[in-house]
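Spelled out from the first residue to the last, the chains are:
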Amino acid sequence: MHRRGGKRIRMDDPPPEYVNPMTPATPMMDYGGQSVHEPEIPNVNYSGFNVGAVANSTMVEPPREEPEEHPEDDLRTPSPAPTKRVTRSRGRGGDGGYVGRLAESPPPPPLRRRGRGGRGRGRGRGAAPPPAYSPPPVLLPGDDENSLYNILRFNKTDISQVVDMWIEEYKTNRESALVQLMQFFINSSGCRGKVTPDMAQMDHTLIIKKMTQEFDEESGEYPLIMSGQTWKKFRSNFCEFIQTLVKMCQYSIIYDQYLMDNIISLLTGLSDSQVRAFRHTATLAVMKLMTALVDVALLTSVNCDNCLRQYEAERLKARDKRASDRLEVLVAKRQELEENMEEIKNMLSYMFKSVFVHRYRDTLPDIRAITMAEIGIWMEKFPSHFLDDLYLKYIGWTLHDKVGEVRLRCLRALQPLYECEELKGKLELFTSKFKDRIVSMTLDKETEVAVNAVRLVIAILKMHPDVLTDKDCENVYELVYSSWRSVAAAAGEFLNVRLFRCDAPAPPPARTRRGKTRLPNTPLLRDLVQFFIESELHEHGAYLVDSLIDSNPMMKDWECMTDLLLEEPGPGEEALDNRQESSLIELMVCCVRQASTGEPPVGRGAARRQAPALSKEQAKLVSDDRARMTAHFVVALPALLDKFGADPEKLTNLVAVPQYFDLELYTAQRQEANLALLLSKLRDIVGAHTETEVLEQCARTLEALCAERSAVYSRCNVARATTTDAVVARYREAADDYRSLLEGGETPDADETFSLVNSLRKVSILYQCHDLNDTDIWDSLFEDLPRAGEGGAAQLPVQALVYAVRACFYSLLWAAQAAEARGGAGVAERLAAYAAACRALVAGGAPELREEAYVSLCDLLLLFAPPAGAPAGPAPPDRPVLEADGQLCDLLNDFIQEVVFVHHNYDGQDERRIEELHKRRNFLAAYCKLIVYNVAPVRRAADVFKHYIKCYNDYGDIIKATLSKARELNKLNCALTMQLAMQALFADLLERPPPHRALPEFAELKELAKRFAVMFGLDAVKNREALTALHRAGVAFAALDATPHAPPPRLLFLEPLTEFCGKLLRQDKRQVLKFAESRLGAASMQWGEEWAPLAAYRAALLADAPDERPPPARRHYTRRNRGQNDEEDGDDNVDSDPEHAG
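From a predicted model like this one, the values you see are computed outputs, not experimental measurements. (Residues numbered from 1 in each chain as written. Predicted model: local features only at pLDDT ≥ 70, side-chain atom pairs only at ≥ 80, totals over all residues. Heavy atoms only, no water.)

1. Observations regarding the pattern of salt bridges
Next, step 1: Summed over all chains, the structure comprises 39 salt bridges.
Next, step 2: For K946, the salt bridge is made with D943, and the minimal N-O distance between the two is 4.0 Å.
Next, step 3: With relative accessibility at 13%, the residue K946 sits in the buried group.
Next, step 4: You can call D943 partly exposed: its relative accessible area is 24%.
Next, step 5: With a shortest N-O distance of 3.1 Å, E1007 and R1011 are connected by a salt bridge. Note that E1007 and R1011 are positioned in helix α42 (residues 1000-1014) at a spacing of 4 residues, about one turn of the helix. (Salt bridge = Lys/Arg side-chain N within 4 Å of Asp/Glu carboxyl O. Buried < 20%, exposed > 50% of the residue type's maximum accessible area, 1.4 Å probe, protein only. Helix = DSSP H or I, 4+ residues; strand = E, 2+ residues; numbered from the N terminus.)

In structure tokens:
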């Protein structure tokens, strides 16, 4: 896209100094922690800028470069600005060409300012950030309650009435009214300085300098950043006041060559101030002032067009009917409106170049965000002037800002522009230059920025369909699988626009083989299935569904989905292949799940404790969707199960559909026949299939259908009993046949072994959801477990024993639940026998049996642990209890040391490696839960904690969570357990040649000590007892086997122990040091190289904590030892006096 003058605006690269968006437009200096921006622009009157020439010229504002530093520049000061207004005639070129020359180029670069030493004065420079809550405003002595600032601050009067009163004052005495307005801006910045009538005649730079001196040095607050509802309302009133003032003065006062000149000059100077409060407040005021002037310009433009239309209508009348005086009035009125428009454009251009151009790169993110928000409003309201590459480039450059809020304002500024079709031509060049940056922002780390970036890409796609490449679209496609739900939903909208739309002329509807017309969503569903297959993320179908279900109605078109699966393709129609059918079924079941529950998939929604409840409207929508889904699948599901009954993958998904039914509809719609047909299908599937996934879904579906309060409970309960009795009978038959063969000395063949294993698998799976204890199969299930633990020869296959262990575990849980509800005996005996068998299996069973028995033992210890505070002794007979004694804890610990904390080599087998890691993490989590729930003593976790560093990538999160929970239970025990872990790691070092610092194992021990020390936090008082005990235990360990004239063999252990010294209080350090000297004896006075760990430990204990270090004595600076290192001394000085740096 070419400029009107024929040249191309270069928008590729920002100015050189914009590489860091936090860098101000001119050189910075350190001024009390805040930046020093450009010096005040001399009060050159804005009317001198020929805005039309700038907007239509082919010249580009050159990049602002760092001016060379010349000695004379430091001495040069801006000359006082002329206070007399430049008239319109001079603005149109009546000044001998001076103004015309100004119009051809941007304002001259500001001069470099020499920095001042010392602390910065003024609010916001080097001050601490504001507190989370600011107190409400109150009147202080000397405040004028009738000032504009206090009226708006306390929200006393309607803003239009305030402006009316000020206008009346201005008409009476404009100097006094101007002083009030200037005072308002000064007070709104948080400055309590007074603007006197005499100051109104002073140069504005002198006024600003005097007000700067009035700031409170200690406070870092000012109204725009203070929190609380009152200050939030003030910020709103501040902006509304400026816009209302301009609106009510738009017909005369803003053109009187006095008000706007002074206000713009003052605000321009304040916006360039070194004081952040002045700069922030003035920039906001100027931006809102420009927005208000844009509104005036729009109204003036409309009036000018109306005037021109009236003039043309009058001119075209016949001569005898034409009123010549009216023509003259219209010409004069039009000329006045054009002059007013020119005047407003001059104001806008001057403020843009004097304020915006410098502040859009301010070091304060809030200021940068304000500029981007307002320029978007100007472009949307006044595109004829502002929607130009000369202005668009600033938004494009700021898209690279480091602060998310600023990037967000840029995107929100661009979005309404791309939604307006009339502005398409003016955005072509900008789109071509910054499209790649906008697309890359869809991956922004800030969620809100990414969402708005995707929406902007959608708007670009609608306006310029050919601009986005396939690679750009693929980057957005992948976001439908994002873990952030808002980003995924926005990406789903992009998919709807790009792929899933029906706006193209639709071909005549296809028909199935039996003549049924295909529904309109059929081609879209085919495209969805193909997209899902090509994305190659088949385990994440629920995420794709969640991205589209709220924005595309095809996700709830159940009839269309089932027609694609059941109906035979008609002539000219392509049938779905096996992979497409599986994908469609998976997506359909995900849609069923989300439509009937309203819950997003795991990882997309908030945590369960934080998840908000559904509103009434959402609950009503979910209820209606569930009813429609149930009404359809009650009829269609049996046919689907018939067609795909032989495919386990498809069947696993289809069998899960009834779990989301509204069961009351079976009776309300008289669908009992379909219910009987479904129950019959489920019974046949359980009898015919052996796949674990299919059987588990069948068990869950039967459990959902047998809800006790539903109207179909009795019918479903009978069907469940029939199914479970058939499974148990088949197991009894297979077990009896297998045992008979073993007793007869025969070897069962493969068919008999498969029958036994398969029947036990079904029993264990059904036991998870249904109580089978009424079938009395405990004795048969438990019979072979003791012999398996003893290593007997005559036993069931290992896989069958695994299922038997699992079935017995669930049998115990159902029995305990029944005993608690109705009372019963025998559970305690079964629990003791089962626990003994599992102990034997963990100690010496096959690997699969060990793992299953270990998990069962850990879960039983949690479920049957003695209640907290229970007296020691035998448990009551009606309350089965399983205690974690020392032998059992040792057994479980040995298991995780052998199975979990070992290195496995899975070269080239990533999938298997991930599966094995997941299984080992579950083993570790089962053991750690015993610690967390106080079932096993905390010290039993020492052998787990010692692997924290070595196995951090695999188990670091689990170990860290266990550490945190253990500290909550008992800080002292946790600290001693940390010490035991470090001792265990050091003991491993002692098994090798003499330990030394260069060993990687010793570095691991020191890193472990650092991590443990961090866990104690910053509150030394709460951790006092625990830390002291940790040090005493560590010193005692280091002093073991000490001899009179040689260092103890474990003395090196003091070196990692030093990491905890900084957490001790000063008085505790002395006590620990005395304890160490008493344990290590007089030999500790022999300071050889071998005693270096003790020397380091003593030095750490003798050093005061940084927050308790007393101020150094004055002689520390005046008396130095000969040869003392000056650089180290200087560092001490800086630490003691942070304000000394200049």
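2. Considering the side chain of T398
Next, step 1: The topology assignment puts T398 in helix α15 (residues 389-398).
Next, step 2: Among the polar contacts listed, one links the side chain of T398 to the backbone oxygen of Y394, at a separation of 2.6 Å. (Polar contact = N/O pair within 3.5 Å; in protein donor to acceptor, adjacent residues only side chain to side chain.)

3. Let's talk about the packing of helix α7 (residues 174-188) against helix α9 (residues 229-248)
Next, step 1: It is the contact of α7 with α9, at a shortest axis distance of 12 Å, that shows an interaxial angle of 155°. Taken together, the axes of α7 and α9 are roughly antiparallel relative to one another. Crossing angle aside, the handedness with which α7 passes α9 is left-handed. In this structure, α7 contributes L181, F184, F185 and S188 to the contact, and α9 contributes F234, F238, F241, I242 and L245.
Next, step 2: Each residue belonging to the contact of α7 with α9 can be placed in one class, and the counts come to 8 nonpolar, 1 polar and no charged. (Axes fitted to C-alpha atoms, helices over the stretch in contact; angles between N-to-C directions. Parallel < 35°, antiparallel > 145°, perpendicular 65-115°, else oblique. Left-handed = near helix turned anticlockwise from the far one by under 90°. Contact = heavy atoms within 4.5 Å. Nonpolar A, V, L, I, M, F, W, Y, C, P; charged D, E, K, R; others polar.)

4. A closer look at the side chain of D472
Next, step 1: Position of D472 among the secondary structure elements: in helix α19 (residues 470-477).
Next, step 2: A polar contact of 3.0 Å, which involves the side chain of D472, links it to the side chain of T469.
Next, step 3: With sequence-adjacent residues up to four places away left out, D472 is seen in contact with K435, D436, V439 and V467.

5. A word on the nonpolar core
Nonpolar side chains tend toward joint burial in soluble globular proteins.
Next, step 1: Among the nonpolar cores identified, the biggest contains 322 residues, and F241 and Y834 are the most heavily contacted of them.
Next, step 2: Element by element, the count of residues in this core is highest for helix α11 (residues 276-315), at 14 residues.
Next, step 3: Among residues more than four places away in sequence, those in contact with F241 are L148, L152, I159, V162, V163, L181 and F184. (Core = buried A, V, L, I, M, F, W, Y, C linked by side-chain atoms within 4.5 Å.)

6. Topic: helix α31 (residues 750-769)
Next, step 1: If you check α31, its first and last C-alpha atoms are 30 Å apart, about what 20 residues at 1.5 Å a residue would give, namely 28 Å.
Next, step 2: Sitting at the amino-terminal end of α31 is D749, which places a side-chain oxygen 3.4 Å from the backbone nitrogen of D751. (Expected span 1.5 Å × (residues − 1).)

7. Details of the state of the cysteines
Next, step 1: Going through the model one piece at a time under the given rule, you end up with 0 disulfides.
Next, step 2: With no disulfide of its own, C307 lies closest to C304 among cysteine sulfurs, the gap being 6.6 Å.
Next, step 3: Residue classification places C307 among the buried residues on the basis of a relative accessible area of 2%.
Next, step 4: Free of any disulfide, C858 has its nearest cysteine sulfur in C889, 9.6 Å distant.
Next, step 5: For C858, a relative accessible area of 1% corresponds to the buried category. (Disulfide = S-S within 2.5 Å.)

8. Description of the packing of helix α36 (residues 847-863) against helix α37 (residues 886-899)
A packed helix pair is summarised by two numbers, namely the angle formed by the two axes and the spacing between the axes.
Next, step 1: At their nearest, the axes of α36 and α37 sit 11 Å apart, and the two run at 135° to each other. Taken together, the axes of α36 and α37 are oblique relative to one another. Remark: the crossing between α36 and α37 carries left-handed chirality. Only L888, L892, F895, I896 and E898 of α37 make contact with α36, whose side of the interface consists of R850, E851, Y854, L857, C858 and L861.

9. What to know about a negative patch on the surface
Next, step 1: Judged by side-chain charge, D725, D771, D774, D776 and D779 come together as a negatively charged surface patch.
Next, step 2: Within the fold, D725 resides in helix α30 (residues 713-743). (Patch = residues over 30% accessible without salt bridge, like charges linked within 9 Å, V, L, I, M, F, W, Y side chains within 5 Å. Areas by Shrake-Rupley, 256 points an atom, 1.4 Å probe, with all protein chains shown as cover. Lys, Arg positive; Asp, Glu negative; His and termini not counted. Charge placed at Lys NZ, Arg CZ, Asp CG, Glu CD.)

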